[in-house]
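# Chain and residue survey
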Amino acid sequence: MMWEFNSEKPVYIQIMDEIKARIISGAYQAGQRMPSVRELAEEARVNPNTMQKALSETERQGLIFSMRTSGKYITNDEQKITELKSNTAKEECEVFINKMLKLGFSKDEIPAIISDIIHNM
C-alpha cells in the first residue's frame, strides 16, 4: 500500500490516520498481528522512530496493543472499531458540509446534491 504524506500536519499523525483507515476498511482485522515497526517504517519510507511514535500514540488510544515478545496487534474490541468508523465518518461529513456551506450552498441543498451523486454512482 502506498503511503502519501503532505506538509499540512506532522508525519506521525498522518501515519496514525493511515493506520486508522486500514483498521476501518478492514485491511487490518481485529486481533491481527501488525507488521513490525521496521517493516512499516520501510514501507512508509519514514524513520523507525517516527513510526514508533505513531504506533505508541495509536496504542495509547486503545486501537492497537503490544504483546511483549510477539509484537503489536489490532484491538479485538469490535465496539471500539465501530466507534472509530462512526466518528471518522462524522468528521469527514462535517468537513464536507463546512466546505459546501463556504461555497454558498444552503443546508437544504447539500442533501439533494449528495443524493444525486449516490444515485449516479
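Residues numbered from 1 in each chain as written. Predicted model: local features only at pLDDT ≥ 70, side-chain atom pairs only at ≥ 80, totals over all residues. Heavy atoms only, no water.

### Let's talk about the confidence of the model for the protein
How we decide: The score called pLDDT rates the predictor's confidence residue by residue, from a low of 0 to a high of 100. Secondary structure follows DSSP: runs of H or I at least 4 residues long count as helices, runs of E at least 2 residues long count as strands, and numbering of each begins at the N terminus.
Summarising the model, the protein shows a mean pLDDT of 95, and 99% of its residues fall at 70 or more. Looking across the protein, the model is least confident in helix H5 (residues 109–119), with a mean pLDDT of 94, and most confident in helix H3 (residues 48–60), with 97.

### Examining the packing of aromatic side chains
Rules: What counts as a ring pair is set by centres within 6.5 Å for rings of Phe, Tyr and Trp (its six-membered ring), and what kind of pair is set by the plane angle: stacked under 30 degrees, edge-to-face over 60, tilted for all other angles. As a reminder, the over-ring test applies to NZ of lysine and CZ of arginine, requiring each to be within 6 Å of the ring centre and within 35 degrees of the ring normal.
Taken as a whole and judged by the stated rule, the model has 2 aromatic pairs. Ring centres of Trp3 and Phe5 lie 6.3 Å apart, and the angle between their planes is 35°; on these two criteria the pair is classed as tilted. With a centroid separation of 5.7 Å and an interplanar angle of 20°, the aromatic rings of Phe65 and Tyr73 are classed as stacked. Lys53 extends its terminal NZ or CZ atom over the ring of Tyr12, reaching a point 4.2 Å from the ring centre.

### Some thoughts on helix H1 (residues 11–25)
It helps to recall that an α-helix has 3.6 residues per turn; residues three or four apart then point in one direction. Applicable threshold: The span expected for a helix works out to 1.5 Å for each residue beyond the first. Burial classes follow relative accessibility: with a 1.4 Å probe on protein chains only, a residue under 20% of its type's maximum area counts as buried, one over 50% as exposed, and anything between as partly exposed. Every residue pair with non-hydrogen atoms within 4.5 Å of one another is taken to be in contact.
With 15 residues, H1 ought to run about 21 Å at 1.5 Å a step, and its terminal C-alpha atoms sit 21 Å apart, in line with that. Listed as buried for H1 are Gln14, Ile15, Met16, Ile19, Lys20, Arg22 and Ile23. Close packing links the buried residues of H1 with helix H2 (37–44), H3, strand S2 (71–74) and helix H4 (78–102). Phi turns positive one or two residues past the end of H1, at Gly26, with a value near 90°.

### Digging into the packing of H1 against H3
For clarity, the threshold we go by: As a rule, the C-alpha atoms of each element are fitted with a line to give its axis, helices using only the stretch in contact, and angles between N-to-C directions run from 0 to 180 degrees. Here roughly perpendicular refers to angles of 65 to 115 degrees, roughly parallel to angles under 35, roughly antiparallel to angles over 145, and oblique to all remaining angles. A clockwise turn of the near helix away from the far one marks a right-handed crossing, whereas an anticlockwise turn of less than a right angle marks a left-handed crossing. For this classification, the nonpolar set comprises Ala, Val, Leu, Ile, Met, Phe, Trp, Tyr, Cys and Pro, the charged set comprises Asp, Glu, Lys and Arg, and every other residue, Gly included, is treated as polar.
With their axes 8 Å apart at the nearest point, H1 and H3 run at an angle of 55° to one another. Classified by the angle between their axes, H1 and H3 sit oblique to one another. In this structure, H1 meets H3 at a crossing whose hand is right-handed. Note on element contacts: H3 touches H1 through Thr50, Met51, Lys53, Ala54, Leu55, Glu57 and Thr58, opposite Val11, Tyr12, Ile15, Met16 and Ile19. Residue composition of the contact of H1 with H3, by class: 8 nonpolar, 2 polar and 2 charged.

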